[in-house]
Amino acid sequence: MVVVNPPTILEPKNMEVKFIDREGDIWRYSIMMKDKNKNSWDIKCLKLCKELANIYSKDPSTKVGASIYRPDRSLCSMGFNGFPKGIEDSDERLEYGHLYQYYGDNKFKQQVIIHAEANALLKAYESVKGYTMYVWPVIPCPHNCASLIINSGIKRVVAPNKTRTNGGSDLSLTIELFEEAGVDLDYLEIGD
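The structure presented is a predicted model; accordingly, all values stated were derived computationally and were not measured.

Caption draft 1: Representation of the pairing of strand β5 (residues 132-136). Among the five residues that make up β5, five are buried, leaving the element largely enclosed by the rest of the structure. Residues T132, Y134 and W136 of β5 are buried on one face, and the alternating residues M133 and V135, pointing to the opposite face, are buried as well. As paired strands, strand β3 (residues 65-69) and β5 are joined by five bridges and run antiparallel to one another. Residue pairing in the sheet places G65 in a bridge with W136 of β5. The pairing of β5 with strand β6 (residues 156-159) spans three bridges and is classified as parallel. The residue of β6 that forms the bridge with M133 is V157. Handedness of the β5-helix α6 (residues 145-152)-β6 crossover: right-handed.

Below you can see the structure in the form of structure tokens.
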């Protein structure tokens, strides 16, 4: 039996290439990014969420962005907080609430808006089991987003702010749900 070593691949300085296996003439490799600073990738992803929120979210009170990355660090999907497709997102609805006489201040917005985390999950046209979600500027709310994240199979959530959740809900409940379900919640301050 002749032993054939895998062909050598020139490794870019910021990548690690590992041989996985061979089927006939096909050699399979795993390519992973190397980080000099272990948080540099997370910082870049959070900054992308921040830009996404600032550019696309029309919510004047809280602009939220979320992104989902595969284990190989490729982007799966992105989302921001906003109304469903086809629903007018006028200043009156976003700022003061539409149909004030029926819903009060901004209850229309609160009842209709889709959170960034949910939008990112809806736009992922594949299973996100084992993936990482980044959220800017708050951690996911427990009443909707945390439950969706858990059921989707996301294994890690990274957020910059551990003082409040999206929707102003109880922060400790999100933490408790993630701990019980085995979802890692990492906080990372990125500054401006």
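What follows continues from the structure just given.
Caption draft 2: Spotlight on helix α7 (residues 171-181). Residues L171, T174 and F178 constitute the buried set of α7. The buried residues of α7 occupy one face: seen down the axis, they fall within an arc of 65°. Opposite the buried face of α7, at more than 90 degrees from it, the exposed residues are E179 and E180. Here the buried face of α7 lies against α6, β6 and β7 (184-187). Downstream of α7 by a residue or two, G182 has a phi angle that is positive, lying close to 80°.

Caption draft 3: Focus on the pattern of salt bridges. Counted according to the given criterion, the structure contains four salt bridges. Among the ionic pairs, D42 bridges to R156, the shortest N-O distance being 2.7 Å. Taken as a pair, D42 in helix α1 (residues 40-56) and R156 in strand β6 lie far apart in primary sequence, 114 residues in all. With its nearest N and O atoms 2.6 Å apart, the salt bridge here joins R156 to D186. Of this pair, R156 sits in strand β6 while D186 sits in strand β7, and the two are 30 residues apart along the sequence. Bridged by salt links that share partners, the residues D42, R156 and D186 form one connected network.

Caption draft 4: Molecular detail of the sheet that holds β6. Spatial strand order, β4-β3-β5-β6-β7: five strands in an open sheet with mixed pairing. Looking at strand neighbours, the two that pair on one side only are β4 (75-80) and β7, the edges of this open sheet. On average, each strand axis in the sheet is tilted by 15° relative to the strand beside it, whichever way the strands run.

Caption draft 5: Fine view of unusual backbone geometry. Cis geometry marks the peptide bond from W136 to P137; its omega dihedral reads 0°. Along the chain, the position of P137 falls in the loop between β5 and α6. Residue R73 is not a glycine yet carries a positive backbone phi of 75°. Here R73 lies in the loop between β3 and β4.

Caption draft 6: Spatial organisation of the nonpolar core. In terms of nonpolar packing, the biggest core is built from 23 residues, with I68, V128, M133, I154 and V157 touching the most fellow members. A per-element tally of this core places helix α5 (residues 116-122) first, with three residues. The contacts of V157, once residues within four sequence positions are left out, are M133, V135, P140, I149, F178, V183, D184, L185 and D186. A53, Y69, Y134 and W136 belong to the second-largest nonpolar core, a separate cluster that totals eleven residues.

Conventions we followed
Residues numbered from 1 in each chain as written. Predicted model: local features only at pLDDT ≥ 70, side-chain atom pairs only at ≥ 80, totals over all residues. Heavy atoms only, no water. Buried < 20%, exposed > 50% of the residue type's maximum accessible area, 1.4 Å probe, protein only. Helix = DSSP H or I, 4+ residues; strand = E, 2+ residues; numbered from the N terminus. Pairing = 2+ DSSP bridges. Right-handed = clockwise from strand over helix to strand, strands pointing away. Arc of directions from axis to C-beta. Contact = heavy atoms within 4.5 Å. Salt bridge = Lys/Arg side-chain N within 4 Å of Asp/Glu carboxyl O. Axes fitted to C-alpha atoms, helices over the stretch in contact; angles between N-to-C directions. Core = buried A, V, L, I, M, F, W, Y, C linked by side-chain atoms within 4.5 Å.

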